[in-house]
Amino acid sequence: MGFLDINNVTKSYGTVEVLHRVNIAVEEGEFLVLVGPSGCGKSTLLNMIAGLEEITSGDIRIKDSVMNGVHPSNRNIAMVFQSYALYPNMTVGQNITFGLEMHGVPKPEREKAMADVARLLQIEQLLDRKPGQLSGGQRQRVAMGRALVRNPDVFLFDEPLSNLDAKLRVDMRTEIKKLHQKLGTTIVYVTHDQIEAMTLSTRIAVMNGGYVQQLGTPKEIYDTPANLFVATFMGSPSMNLINVTVQVDGNSVYAKTQNDQGKDLRLALYEPSEALKAFDGKDVILGVRSEALTDVEGADQRSSHVEVIRNTVTVTEPAGSDTFVATTVGGAECVARMRADTDVSPGQQAEFAFNMEKAVVFDPETENRIQ
Amino acid sequence: MAIASSDTAIRTGRFTRTLIYVVLILFVLFYMLPLYVMLVNSVKPLGEITGGGMMSLPTAFTLEPWAKAWSTAQIGVEPTGLQPYFWNSISMVVPAVVISTTLGALNGYILTKWRFRGDTILFGLMLFSCFIPFQIVLIPMAAILGKLGLSGSTAGLVLVHVVYGVGFSTLYFRNYYAAFPTELVRAAQIDGAGFFQIFWRILLPSSGPIIVVCVIWQFTNIWNDFLFGASFASGDGAPMTVALNNLVQSSTGVKEYNVHFAGAILAAMPTLLVYIVAGRYFVRGLMAGSVKG
Ligand SMILES: Nc1ncnc2c1ncn2[C@@H]1O[C@H](COP(=O)(O)OP(=O)(O)O)[C@@H](O)[C@H]1O
Ligand SMILES: [Mg+2]
């Protein structure tokens, strides 16, 4: 039993099922991020938690009481919308206290709560303005103020930063994270931005096509993605995927492929599982993140297993802090993350170090990770 | 070369513009002509008109025709002037406009923010009602008014105009509210506002332009209606338009054209006034509705 429980929840519009049996338990104080491409059902799920959409089947509980059929205002939740949804005819102060007023809170208490929130978010000087007179970032703060003032059990955020410019988005991201650390509230946060998901969350639910693909901590999601979708959706640049053949040799298991000169490569897999050994002779997909594919000097010194190959550099992309180097392994374009001052140029041969501790293997048929 | 060509461009620009303005001014004069005739002749003694001076300015200025049209002229059989009928019209048009606009606003709110199965069909049917010719409903409407005991009363006329008006007012508000962000309604729901609180506190304060459009439209149509007035409320309860007709028709002996002109202006005055006061918002509101909706 979590603080917020989503049990076998489905959602259908007419005959079309857009969410399929979602199960998520959120603990008190957690920051859960729902992430996935547009149209995967994130907002629908959030709206069902808020009570703005009906639950087709299954149930949602907050603090152990079933919320199905409970009016949004009686769920003790607050929501921040993508468009901020500030009431245009009211001042900032009225926007913030409207919910309290509707709940019959007496005026002196409302004023005090408003003052507290305004101080917390540093919007005291804006209280008498109308939303139309505010900048994007200020509106964002007011929208958060309106949510905070209610002191809800659960905060719901639907892509709250996607209308801000890049710099402001990063600033507000940090601010939301600070706010969460300070207040320790339970948050469900929707975004399509995987970096936002990684930086903010304590846990992530990666969604696609109405299914929760994987639920886990950012590290679990990043290091051990459950399937190819999660592997490619999370992380930038995207995980390198190489077609290899499994070869079992005694206690060792190798991934066989070719370099770009057609020479056979044999990469020993790290701590192979029994499940993987069963794939002897079969084709699988080897997943290596670009930071696990580096120059030899840049390889993780703590890794107990690094394999080095020689291959041709096709493209280099200096990115300031790192240089991204492209090369072709097993017919697949791979991106390696090398040190910024690494000395390679296109057309040259170079050494590439695979950190095999971080490599994962996928079954091409089911697209799931072979554990 | 470049200078020469730009010079001619400016010249032709000026020439076309002058031409356009001249044509427009002619149109305006042509449009204003009837008003001029009415105004001028309403302040002349009858003799000047029958003497053949329709277009000329009055030689002996008099407000006598206005006073007569307002308070003593023969309407039907009674020498009451238009005054009582003016108040009839006011007491018909004000409730009819208020009720049909309110209902339209509520309908628009429900049709866009509280969607339900079949709502588009319902809206289609309401739109359809805008295009039913008045003549078709005359007899059924008379029967219904009779059953309700409202025949010949101002209340009956109000009902008729509300029923007819609600199609248009719903159309206006639906299109306006369709562009109103639904997230605001959802935010208000989470804040704990009820159905009417959301309408009253969130939507209505942002509905100024469309309310103006709707009020002008309804006011003009209802005030100017003749058919329903003549059919359902002849006699003492008749509205201004019907009374004006009676004034013009019932004059025995000489036709007092100056009184007729004054009466016609009196009948047109309220709609003119509404346009002058709120016309700016009318255009703005129409634009807002059409561009966003
Ligand atoms: N009112 C609706 N009627 C029918 N389908 C809908 C409705 N709302 C959303 N959907 C569908 O549900 C899916 C999920 O939508 P949504 O939750 O908004 O996605 P996102 O992850 O981008 O927030 C989409 O395929 C969308 O087309
Ligand atoms: Mg969405």
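Thresholds applied
Residues numbered from 1 in each chain as written. Chains lettered and ligands numbered in written order. Predicted model: local features only at pLDDT ≥ 70, side-chain atom pairs only at ≥ 80, totals over all residues. Heavy atoms only, no water. Helix = DSSP H or I, 4+ residues; strand = E, 2+ residues; numbered from the N terminus. Rg over C-alpha atoms; globule rule 2.2 N^0.38 Å. Contact = heavy atoms within 4.5 Å. Areas by Shrake-Rupley, 256 points an atom, 1.4 Å probe, with all protein chains shown as cover. Lys, Arg positive; Asp, Glu negative; His and termini not counted. Charge placed at Lys NZ, Arg CZ, Asp CG, Glu CD. Phe/Tyr/Trp six-rings, centres within 6.5 Å; stacked < 30°, edge-to-face > 60°. Buried < 20%, exposed > 50% of the residue type's maximum accessible area, 1.4 Å probe, protein only. Axes fitted to C-alpha atoms, helices over the stretch in contact; angles between N-to-C directions. Parallel < 35°, antiparallel > 145°, perpendicular 65-115°, else oblique. Left-handed = near helix turned anticlockwise from the far one by under 90°. Salt bridge = Lys/Arg side-chain N within 4 Å of Asp/Glu carboxyl O. Polar contact = N/O pair within 3.5 Å; in protein donor to acceptor, adjacent residues only side chain to side chain. Nonpolar A, V, L, I, M, F, W, Y, C, P; charged D, E, K, R; others polar. Pairing = 2+ DSSP bridges. Near = heavy atom within 4 Å. Domains from an automatic or database assignment. Buried area = accessible area lost by both parts, 1.4 Å probe.

1. With respect to the overall build of chain B
Next, step 1: Looking only at helices and strands, one finds 13 helices and zero strands in chain B.
Next, step 2: In chain B, the order of α-helices and β-strands from amino to carboxyl end is α-α-α-α-α-α-α-α-α-α-α-α-α.
Next, step 3: For 293 residues, the compact-globule estimate of 2.2 N^0.38 gives 19 Å, and the C-alpha radius of gyration of chain B, at 25 Å, exceeds that figure by more than 25%.
Next, step 4: Principal axes of the C-alpha set define a box for chain B whose edges measure 85 × 75 × 35 Å.
Next, step 5: In chain B, of all internal contacts separated by at least 6 residues, the share reaching a separation of at least 24 is 69%.
Next, step 6: In the form shown here, chain B has an accessible surface area of approximately 15800 Å², with 72% of it arising from carbon and sulfur atoms.
Next, step 7: On chain B, the mean spot of the 16 positive side-chain charges and the mean spot of the 10 negative ones are 14 Å from each other.

2. Some thoughts on the packing of aromatic side chains
Residue and element names in this part refer to chain B.
Next, step 1: Within the structure shown, the criterion is met by 23 aromatic pairs over all chains.
Next, step 2: With 5.4 Å between their ring centres and 50° between their planes, Trp-114 and Phe-195 make a pair best called tilted. Of this pair, Trp-114 sits in the loop between helix H4 (83-113) and helix H5 (119-129) while Phe-195 sits in helix H9 (residues 195-203); the two residues are 81 residues apart in sequence, bridging distant segments of the chain.
Next, step 3: Note on Trp-114: relative accessible area 29%, which makes it partly exposed.
Next, step 4: Considering the side-chain rings of Phe-195 and Phe-196, the 4.9 Å spacing of their centres and the 85° angle between planes classify their relative orientation as edge-to-face.

3. Concerning the packing of helix H7 (residues 154-178) of chain B against helix H10 (residues 208-224) of chain B
All names here are of chain B.
Next, step 1: Direction vectors running N to C along H7 and H10 enclose 155°, while the axes themselves pass 10 Å from each other. Between H7 and H10, the angle falls in the class roughly antiparallel. Taken as a pair, H7 and H10 cross one another with a handedness that is right-handed. Contact residues: H7 offers His-161, Gly-165, Phe-168, Ser-169, Tyr-172, Phe-173 and Tyr-176, while H10 offers Pro-209, Ile-210, Ile-211, Val-213, Cys-214, Trp-217, Gln-218 and Ile-222.

4. Some points on the interface of chain A and chain B
Next, step 1: If you look at the interface, chain A gives 27 residues, while chain B gives 15 residues.
Next, step 2: Where chain A touches chain B, the interface holds three salt bridges.
Next, step 3: Across the pair Arg-150 of chain A and Asp-191 of chain B runs a salt bridge, and its minimum N-O distance is 3.6 Å.
Next, step 4: The tally of links from chain A across to chain B stands at nine residue pairs in polar contact (both at pLDDT 80 or more).
Next, step 5: Counting residues per element, the ones that place at least two in the side of chain A that touches chain B are helix H1 (42-50), strand S6 (77-80) and helix H2 (92-102) of chain A.
Next, step 6: Per-class residue counts for the side of chain A that touches chain B are 15 nonpolar, eight polar and four charged.

5. Considerations on the packing of H4 of chain B against H7 of chain B
The packing of two helices is summarised by the inter-axis angle and the distance between the axes.
Residues and elements named next belong to chain B.
Next, step 1: Where H4 meets H7, the axes come as close as 6 Å, and the angle between the chain directions of the two elements is 35°. When the axes of H4 and H7 are compared, the crossing they make is right-handed.
Next, step 2: Here the contact of H4 with H7 is built from residues that sort into 15 nonpolar, 13 polar and two charged.

6. Focus: the pairing of S6 of chain A
Residue and element names in this part refer to chain A.
Next, step 1: The two faces of S6 match: Ile-77 and Met-79 on one face and Ala-78 and Val-80 on the other face are all buried.
Next, step 2: Relative to strand S7 (residues 154-158), S6 is paired through four bridges, and the arrangement is parallel. Opposite Ile-77, over in S7, you have Val-154 as the bridge partner.

7. Overview of the sheet that holds strand S13 (residues 264-268) of chain A
All names here are of chain A.
Next, step 1: Here we have five strands laid out as an open sheet, ordered S13-S12-S11-S14-S20, and antiparallel in their pairing. Strands at the two margins of the open sheet, each flanked by one partner only, are S13 and strand S20 (360-362). Across the sheet, the axes of successive neighbouring strands diverge by a mean angle of 45°, strand direction being ignored.

8. Topic: the pairing of strand S16 (residues 306-318) of chain A
Residue and element names in this part refer to chain A.
Next, step 1: Summarising the sheet, S16 and strand S19 (residues 349-355) pair through seven bridges and their orientation is antiparallel. Pairing of Val-306 across the sheet is with Asn-355, part of S19.
Next, step 2: As paired elements, S16 and strand S17 (residues 322-329) share five bridges and run antiparallel to each other. When the sheet's bridge partners are listed, Glu-317 is paired in S17 with Phe-324.
Next, step 3: In sequence, S16 turns back onto S17 through a hairpin of three residues, with Gly-320 there showing a positive phi of about 85°.

9. Topic: the sheet that holds strand S15 (residues 293-294) of chain A
Next, step 1: If you trace the five strands from one edge of the open sheet to the other, you get S15-S19-S16-S17-S18 (chain A), paired in antiparallel fashion. Edge positions in the sheet fall to S15 and strand S18 (332-339) of chain A, since each of these pairs with one other strand and no more.

10. Some words on the site of ligand 1
Residue and element names in this part refer to chain A.
Next, step 1: Taken together, Tyr-13, Val-18, Ser-38, Gly-39, Cys-40, Gly-41, Lys-42, Ser-43 and Thr-44 make up the full set of residues near ligand 1.
Next, step 2: Note that an oxygen atom of ligand 1 is positioned 3.0 Å from one of the backbone N or O atoms of Gly-41.
Next, step 3: Out of a free accessible area of 560 Å², ligand 1 has 56% covered by protein chains.
Next, step 4: Counting residues per element, the shell around ligand 1 draws most heavily on H1, which supplies three residues.
Next, step 5: Tallied by class, residues from the shell around ligand 1 come to three nonpolar, five polar and one charged.

11. Here we look at the environment of Gly-152 of chain B
Residue and element names in this part refer to chain B.
Next, step 1: Looking at the element boundaries, Gly-152 is found in the loop between helix H6 (134-148) and H7.
Next, step 2: When the C-alpha positions of Gly-152 and Leu-122 are compared, they lie 31 Å apart, and in sequence the two are 30 residues distant.
Next, step 3: When neighbours within four sequence positions are excluded, Gly-152 is seen to be in contact with Phe-232 and Ala-233.

12. Re the domain arrangement of chain A
Residue and element names in this part refer to chain A.
Next, step 1: Segmentation of chain A into domains returns domain 1 (4-233) and domain 2 (240-362).
Next, step 2: Using only C-alpha atoms to locate each centre, domain 1 and domain 2 end up separated by 39 Å.
Next, step 3: Taken together, the contacts link nine residues of domain 1 with seven residues of domain 2.
Next, step 4: Surface buried jointly by domain 1 and domain 2 totals about 690 Å² across both partners, of which 59% is contributed by carbon and sulfur atoms.
Next, step 5: Three residues stand out in domain 1 for area buried against domain 2, namely Tyr-222, Asp-223 and Leu-228, and they jointly supply 62% of the buried area on that side.
Next, step 6: Counting across the domain 1 and domain 2 interface gives one salt bridge.
Next, step 7: Here Lys-358 and Asp-223 are joined by a salt bridge, their closest N and O atoms 3.6 Å apart.
Next, step 8: At the boundary of domain 1 and domain 2, one finds two residue pairs in polar contact (both at pLDDT 80 or more).
Next, step 9: Secondary-structure elements contributing two or more residues to the side of domain 1 that touches domain 2 are helix H7 (218-223) and helix H8 (228-233).
Next, step 10: The dominant element in the side of domain 1 that touches domain 2, judged by the number of residues it contributes, is H7, at four residues.
Next, step 11: Of the residues that constitute the side of domain 1 that touches domain 2, the class distribution is five nonpolar, two polar and two charged.

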